[in-house]
Amino acid sequence: MTVRCSLCCERSVGAYSVAVPTSPSSDASREAAMAATVSEQRWRVARTALAEQTDRFLDLVRATPPEAMATAHWSVADTLAHVGSLAWYYACLVDPDHPPLPVPGLHRQLPDVTVDTVADFNDVLLRHLTEREPQALADRLRADVGRLLAVCEGQRPDETVPWLGGARVPLAGLCAHLVNELLIHGHDVARVAGRPWSLPGRDAALFMELFVAGVVRHGYGRLIDGGAPPSERPVVVEFRSAYAAPVRLLLHRGRMTFADPAARADARIDHDPGTLNLMMFGRVSRARAVLTGKVRVSGRRPWLLPAFLRKFRTPS
């Protein structure tokens, strides 16, 4: 998901101070993109959201039979183990002394993972993490989230760690990604349990604002290899919500970068962040998201959006 002058201008955009390149291919452009920072206020929001959504998710799981099928392939216990595996991995990323996941050759596999193979990677993790007793899994998840938050407390939000596919993820993005996992998989568990589950706009917006923008800024490696074939025709798409500064992305010649603020958007997606995230991860169809009015597409060339979304994609 994901950025690249001899000349550049700088402006303040919501949570960021963004150096905007005029030439998206130069080394100076990449350095300018790296200069963008997440505000301390948004950093606090991300950490608070992770603590609160962990509590919500665990309360929900405790009230749901662990053998119930949350998805076509995962029980509630499997889902809890999956979310826990991510929290464990993230705790290891920020704390080298944290006990490693018991997965042989894990670090050799990580650089080759893409959005199209991450499901296979998740299956590998779950085959090695055999614990399915709900209380043990819940205790592990809470402890690993606690460790992640404790380390992050004294760090800058734009410090990066290596991630799947050779991507570099800032700490704020790491927390935002885990918040999204809790929200999406909480939706799965709540659906089978017949219980209400909201995706608060403030928290759901962090995925686009801090994770997607952070990976675009710092480099996405092989993460979105494949998808739409490279095109000489640039496509600019702007994502807008009531909860965060707009994110404007440019797809050109197979690369995803930030768009110059002077470039006109071909398509604009005004959205409720929770609905957009559910749509991106295959829980809500595009038709339903649009028909409910929670995802609205406009712009001068909206027909270019499908090609953009074939590149800008997430595991479903």
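Conventions adopted
Residues numbered from 1 in each chain as written. Predicted model: local features only at pLDDT ≥ 70, side-chain atom pairs only at ≥ 80, totals over all residues. Heavy atoms only, no water. Helix = DSSP H or I, 4+ residues; strand = E, 2+ residues; numbered from the N terminus. Buried < 20%, exposed > 50% of the residue type's maximum accessible area, 1.4 Å probe, protein only. Polar contact = N/O pair within 3.5 Å; in protein donor to acceptor, adjacent residues only side chain to side chain. Contact = heavy atoms within 4.5 Å. Axes fitted to C-alpha atoms, helices over the stretch in contact; angles between N-to-C directions. Parallel < 35°, antiparallel > 145°, perpendicular 65-115°, else oblique. Left-handed = near helix turned anticlockwise from the far one by under 90°. Nonpolar A, V, L, I, M, F, W, Y, C, P; charged D, E, K, R; others polar. 1 Å grid on protein atoms, 1.4 Å probe; cavity = no way out; pocket = protein on both sides within 12 Å on 5 of 7 lines; lining within 4 Å. Points joined across faces, edges and corners; volume = space filled by probe spheres on them. pLDDT = per-residue confidence, 0-100. Phe/Tyr/Trp six-rings, centres within 6.5 Å; stacked < 30°, edge-to-face > 60°.

**Student:** How should I be thinking about the side chain of H271 in this particular structure?
**Tutor:** If you trace the backbone, H271 turns up in strand β9 (residues 267-271). By relative accessible area, which is 10% here, H271 ends up buried. In this structure the side chain of H271 is engaged in a polar contact, spanning 2.9 Å, whose partner is the backbone oxygen of R240. In this structure the side chain of H271 is engaged in a polar contact, spanning 3.2 Å, whose partner is the backbone oxygen of I269. In contact with H271, not counting residues within four places along its chain, are F239, R240, S241, L276, K294 and V295.

**Student:** I keep staring at the packing of helix α6 (residues 134-152) against helix α7 (residues 171-193) and nothing clicks. Help me out?
**Tutor:** Geometrically, a packed helix pair is captured by the angle between its two axes and the distance between the axes. Where α6 contacts α7, the axes come no closer than 11 Å and their chain directions differ by 155 degrees. Between α6 and α7, the interaxial angle falls into the category roughly antiparallel. Considering only the axes of α6 and α7, their crossing is left-handed. Counting all contacts with α6, which are made through V145, L148 and C152, the residues of α7 involved are L171, L174, C175 and L178. Partitioned by chemical class, the residues of the contact of α6 with α7 number 7 nonpolar, no polar and no charged.

**Student:** So what exactly am I meant to see when it comes to the layout of surface pockets here?
**Tutor:** Over the atoms rolls a probe the size of a water molecule, and its path tells where empty space is left. Here the largest pocket is characterised by a volume of approximately 630 Å³. In this structure, the largest pocket is lined by 32 residues; those nearest its centre are W74, H82, V118, N122 and P315. At the level of elements, α3 (76-94), α5 (118-128), α7 and α9 (206-218) are the ones that each hand at least two residues to the lining of the largest pocket. Split by residue class, the lining of the largest pocket holds 18 nonpolar, 11 polar and 3 charged.

**Student:** Please clarify how empty space enclosed by the protein should be interpreted in this entry.
**Tutor:** The calculated volume of the largest cavity comes to roughly 60 Å³. Considering the residues around the largest cavity, the lining is formed by A205, M208, E209, F239, R240, S241, A244, A245, P246, V247 and H271. Split by residue class, the lining of the largest cavity holds 7 nonpolar, 2 polar and 2 charged.

**Student:** Can you walk me through α5 in this structure?
**Tutor:** Since the α-helix packs 3.6 residues into each turn, any two residues three or four apart lie on the same face. All of the buried residues along α5 are V118, F121, N122, V124, L125 and L126. Turning to α5, the residues buried within the fold contact α3 and α4 (106-109).

**Student:** What am I meant to see in the confidence of the model for the protein here?
**Tutor:** Reading fine detail from the predicted coordinates is not recommended where pLDDT is low. On average, the protein scores 89 in pLDDT, and the residues at 70 or more come to 88%. Note that pLDDT drops below 50 for residues 1-35; the model gives that stretch 87 contacts with residues more than four away or on any other chain.

**Student:** Would you take a moment to explain the packing of aromatic side chains for this structure?
**Tutor:** Ring pairs (aromatic) are described by centroid distance and by the angle formed between their planes. Summed over the entire model, instances satisfying the criterion amount to 7 aromatic pairs. Ring geometry for W163 and F211: centres 5.2 Å apart, planes at 70 degrees, overall edge-to-face. Of this pair, W163 sits in the loop between β4 (160-162) and β5 (168-170) while F211 sits in helix α9; the two residues are 48 residues apart in sequence, bridging distant segments of the chain. With relative accessibility at 8%, the residue W163 sits in the buried group. Taken together, a centroid distance of 5.3 Å and an interplanar angle of 40 degrees make the contact between F239 and F312 tilted. With F239 in strand β6 (residues 235-240) and F312 in the segment after α12 (305-311), the pair connects residues that are 73 residues apart, well separated along the chain. Across the pair, exposure class does not vary: F239 and F312 are buried alike. In textbook terms, an aromatic cluster arises when at least three aromatic residues are bridged by ring pairs, as seen for W163, F207, F211 and F281.

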